[in-house]
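The lines below spell out each chain.
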Amino acid sequence: MLPTGTGTAIVTPFGPDGTVDHRALAALAIWQVDEGIDFLVACGSTGEAATLDAAERVAVVTTVVEAAAGRVPVLAGATDNSTARAVEEARRLAALGVSGIMSASPYYNKPTQAGLAAHFTAIADAIALPLLLYNVPGRSGVDLKPETVAELAQHPRIEGIKEASGSVRRVLDLASVVPESFTIFCGDDDLAVPAIAAGAQGLISVASNAMPRAFADLVRLAMAGDIDAARR
């Protein structure tokens, strides 16, 4: 099953020569876990996955998994605007010891809702791990609608969504149409508290790269219903 709570969409550090700095990446991942983060997401958009080649993405995910050392789950991002390449990437990264795959909508193509459903179904059919959908219309150029998410939620391996449309109303709409077992993550740091109040089960955060403990505490307070303390 997918984790809940706060996940850091971990950055990918680079050296002066443009290669991945795996020592810095491992140190960052270990510090994140020590600071109380609930899980890590490697090779998301914050991790600059779109600018890494396939071998680099494998190496980054491997480093994060090894650094986490089983203390927290690790999800791997596998996004491409080609369904075939997304399927290949998901299979490749699923073999590295991760707990699930996160995949954003195909960027630039602007597929129909039926096209989005077919794309994500193909990825879920190809792996034996939970698949986390990622709706980020500001980056992908297409919005994954709640009714399409509800359809996809019927797939046994499509277990959640990172919702980064910038709308708390969208969280309410999703929560009203998906099964209770389906996990909704807020994908916008500044909306974490109201999104959790609206039904999200956690946050996949960018700012937690710098402030993991603060964001982990904020999310735990909000999920415990102590909204006043979380807001402060």
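Residues numbered from 1 in each chain as written. Predicted model: local features only at pLDDT ≥ 70, side-chain atom pairs only at ≥ 80, totals over all residues. Heavy atoms only, no water.

## Details of the packing of aromatic side chains
Worth spelling out the cut-off: Stacked, tilted and edge-to-face are the three classes assigned to paired rings of Phe, Tyr and Trp, where Trp is represented by its six-membered ring and a pair needs centres within 6.5 Å; plane angles under 30 degrees give stacked, over 60 edge-to-face, the rest tilted. Segments assigned H or I by DSSP are reported as helices when at least four residues long, segments assigned E as strands when at least two residues long, and all are numbered from the N terminus. Burial classes: relative accessible area under 20% of the type maximum marks a residue as buried, over 50% as exposed, and values in between as partly exposed (1.4 Å probe, protein chains only).
Evaluated as defined, the whole model comprises 1 aromatic pair. A centroid spacing of 5.4 Å and a plane angle of 55° characterise the contact between Phe39 and Phe185, whose relative ring orientation is tilted. With Phe39 in strand β2 (residues 39–42) and Phe185 in strand β7 (residues 183–186), the pair connects residues that are 146 residues apart, well separated along the chain. Taking relative accessible area as the criterion, Phe39 reaches 0% and is therefore assigned buried.

## Description of the nonpolar core
Inside soluble globular proteins, nonpolar side chains tend to come together where they are buried. Selection rule: Buried residues of nine kinds, namely Ala, Val, Leu, Ile, Met, Phe, Trp, Tyr and Cys, make up a nonpolar core once their side-chain atoms join them within 4.5 Å. Contacts: residue pairs with any heavy atoms within 4.5 Å of one another.
With 63 residues, the main nonpolar core has Leu40, Ile101, Leu133 and Phe182 as its most contacted residues. Look past the residues within four positions of Phe182 in its chain and what remains in contact with it is Leu133, Val149, Ala153, Ile158, Glu159, Gly160, Ile161 and Gln201.

## Considering helix α9 (residues 212–223)
Where we set the bar: Given the number of residues in a helix, its expected span is that number minus one, multiplied by 1.5 Å. This arc is taken over the directions from the axis of the helix to the C-beta atoms.
The terminal C-alpha atoms of α9, which comprises 12 residues, lie 16 Å apart, in line with the 16 Å expected from a rise of 1.5 Å per residue. Residues of α9 that are buried include every one of Pro212, Phe215, Ala216, Val219 and Ala222, and no others. Down the axis of α9, the sector holding all buried residues measures 130°, keeping them to one side. Looking at the buried residues of α9, the elements they touch are β1 (5–9), α1 (22–34), α8 (192–198), β8 (202–205) and α10 (227–231). Looking one or two residues beyond α9, the residue adopting positive phi is Gly225, at roughly 90°.

## Concerning the environment of Ser99
Here Ser99 is to be found in the loop between α3 (83–94) and β4 (100–104). What makes Ser99 partly exposed here is its relative accessible area of 29%. In contact with Ser99, other than residues within four places in its own chain, are Pro73, Val74, Leu75, Leu129 and Pro130.

## Some remarks on α3
Residue pairs three or four apart in sequence face the same way in an α-helix, which turns once every 3.6 residues. Helix length check: α3 (12 residues) gives 16 Å between terminal C-alpha atoms against 16 Å at 1.5 Å per residue, within 8%. Every buried residue belonging to α3 is among Ala86, Val87, Glu89, Ala90 and Leu93, and all of these are buried. The arc that holds every buried residue of α3, seen down its axis, measures 165°, which confines them to one face. In α3, the exposed positions angled more than 90 degrees off the buried face are occupied by Ala84 and Arg91. Where α3 is buried, its residues touch α2 (54–68), β3 (74–77), β4 and α4 (113–126).

## So, the side chain of Ser105
Residue placement: Ser105 occurs in the loop between β4 and α4. Given the relative accessible area of 1%, Ser105 is considered buried. When sequence neighbours within four positions are dropped, the list of residues in contact with Ser105 reads Thr79, Leu116, Phe120, Tyr134, Asn135, Ser140, Val142 and Leu144.

## Quick look at the pattern of salt bridges
Put simply, the rule is: Every case where a carboxyl oxygen of Asp or Glu lies within 4 Å of a side-chain nitrogen of Lys or Arg is listed as a salt bridge.
For the coordinates displayed, the defined rule picks out 12 salt bridges. Arg57 is the salt-bridge partner of Glu89, the closest N and O atoms lying 2.4 Å from each other. Taken together, the positions of Glu89 in helix α3 and Arg57 in helix α2 put the pair 32 residues apart, joining distant regions of the chain. Residue Glu89 is classed as buried on the basis of its relative accessible area, which comes to 5%. Assessed through its relative accessible area of 15%, Arg57 is described here as buried. In this structure, Arg231 engages Asp228 in a salt bridge whose closest nitrogen and oxygen atoms are separated by 2.7 Å. Taken together, the residues span about one helical turn, with Arg231 and Asp228 both in helix α10 at a distance of 3 residues. Each of Arg57, Glu88, Glu89 and Arg92 takes part in one network of salt bridges that share partners.

## Section: the pairing of strand β5 (residues 131–135)
What counts, and what does not: In this scheme, strands are said to pair when DSSP sees at least two bridges between them. Handedness of a crossover is defined as follows: orient the strands so they point away from the viewer, and if the path from the first strand over the helix to the second runs clockwise, the crossover is right-handed.
Most of β5 sits out of view: 5 of its 5 residues are buried. Bridging between β4 and β5 involves 4 bridges; their strand directions are parallel. When the bridges of β5 are listed, Met102 appears paired with Leu132. As a crossover connection, the stretch from β4 through α4 into β5 is right-handed. Of the strand pairs in this sheet, β5 and strand β6 (residues 158–163) are connected by 5 bridges, and their pairing is parallel. For Asn135, the partnering residue across the bridge sits in β6 and is Glu163.

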